[in-house]
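Spelled out, the chains give:
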Amino acid sequence: EKFQKRKSKKLNYYYFDMFQDRFIIPIRNQKGLVIGFGGRLISKTNFPKYLNSSESQLFKKNQSIFSQIMIINSLKNPPKILLLVEGYMDTMALFQNGLRFSAASLGTSFSFFQINKCRNLCSMKHIVVCFDSDNAGKNGIFLLLKKNFFNP
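A short tour of the structure in this document, coming up. None of these values were measured; they are calculated from a predicted model.

### Digging into the overall build of the chain
Phase 1: Looking only at helices and strands, one finds four helices and eight strands in the chain.
Phase 2: In sequence order, the secondary structure elements of the chain are arranged as β-β-β-β-β-α-β-α-β-α-β-α.
Phase 3: Of all intrachain contacts in the chain linking residues separated by at least 6 positions in sequence, the fraction that spans at least 24 positions is 52%.

### Thoughts on the sheet that holds strand β5 (residues 50-52)
Phase 1: Overall, antiparallel pairing links the three strands, which are arranged β3-β4-β5 in an open sheet. Because the sheet does not close on itself, it has two edges, and the strands there are β3 (22-28) and β5. On average, each strand axis in the sheet is inclined to that of its neighbour by 20°, with strand direction left out of account.
Phase 2: In terms of strand pairing, β3 meets strand β4 (residues 34-41) through seven bridges, oriented antiparallel. Bridging from a neighbouring strand, Pro26 pairs with Phe37 of β4.
Phase 3: Packed on one face of the sheet, helix α2 (residues 88-96) meets β3, β4 and β5 and runs near 80° to β3.

### Looking at the packing of aromatic side chains
Phase 1: This structure, assessed with the given rule, holds two aromatic pairs.
Phase 2: Between Tyr50 and Tyr88, the aromatic rings sit 5.7 Å apart at their centres with planes inclined by 75°, giving edge-to-face as the arrangement. Residue Tyr50 is found in strand β5, and its partner Tyr88 is found in helix α2; the two are separated by 38 residues along the sequence.
Phase 3: On the basis of relative accessibility, which here comes to 38%, the residue Tyr50 falls in the partly exposed class.
Phase 4: What makes Tyr88 buried here is its relative accessible area of 3%.

### What to know about α2
Phase 1: Looking only at α2, the buried set comprises Tyr88, Thr91, Leu94 and Phe95. Buried residues of α2 fall within an arc of 125° about the axis and therefore sit on the same side.
Phase 2: Looking at the buried residues of α2, the elements they touch are β3, β4, β5, α1 (68-74), β6 (81-85) and β7 (102-104).
Phase 3: Note on α2: the residue one or two positions beyond its end, Gly98, has a positive phi of about 95°.

### Quick word on the nonpolar core
Phase 1: Formed by 14 residues in total, the largest nonpolar core has its most connected members in Ile71, Leu82, Leu84, Phe110 and Cys118.
Phase 2: Among the elements that line this core, the one with the most residues is helix α3 (residues 112-121), at three residues.
Phase 3: Counting residues in hydrophobic clusters, the runner-up holds eleven residues, among them Ile25, Phe59, Phe66 and Val85.

### Points about a nonpolar patch on the surface
Phase 1: Taken together, the side chains of Ile24, Val34 and Phe37 define a hydrophobic patch exposed on the protein surface, amounting to about 230 Å² of accessible area.
Phase 2: Secondary-structure assignment places Phe37 in strand β4.

About the cut-offs
- Residues numbered from 1 in each chain as written.
- Predicted model: local features only at pLDDT ≥ 70, side-chain atom pairs only at ≥ 80, totals over all residues.
- Heavy atoms only, no water.
- Helix = DSSP H or I, 4+ residues; strand = E, 2+ residues; numbered from the N terminus.
- Contact = heavy atoms within 4.5 Å.
- Pairing = 2+ DSSP bridges.
- Axes fitted to C-alpha atoms, helices over the stretch in contact; angles between N-to-C directions.
- Phe/Tyr/Trp six-rings, centres within 6.5 Å; stacked < 30°, edge-to-face > 60°.
- Buried < 20%, exposed > 50% of the residue type's maximum accessible area, 1.4 Å probe, protein only.
- Arc of directions from axis to C-beta.
- Core = buried A, V, L, I, M, F, W, Y, C linked by side-chain atoms within 4.5 Å.
- Patch = residues over 30% accessible without salt bridge, like charges linked within 9 Å, V, L, I, M, F, W, Y side chains within 5 Å.
- Areas by Shrake-Rupley, 256 points an atom, 1.4 Å probe, with all protein chains shown as cover.
- Salt bridge = Lys/Arg side-chain N within 4 Å of Asp/Glu carboxyl O.

Structural data, given as structure tokens:
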């Protein structure tokens, strides 16, 4: 798998798995093929809480939506609206509780390409944004409004 290089206190180098101490979730495209992985930190350390696979020819974070294949496979008809949440853990919790019309942006940065993918997942083309109330979530909402993505 992928390893990252870190410098130790003794100025020696060692390698470790970038998904070390993380709950790993596969990220799938609209055909159901795994294109990358997301990891949620399990232990309390100074590492980022969430981490996605590096950008590649298959995985482009700004073109990917988490759960699009889950929505397509779990519902006979497209949902009328789409609930857009921040991360895959939010989406999985909603799916487990019967809300099968949520998708995740894989972070708070969002592209026009992703908005169009979300619109195409629901019949009425309505997206309800529900980001966390922390600073990252508030900034994400502000960026969406600033980019003016929600005008038809």
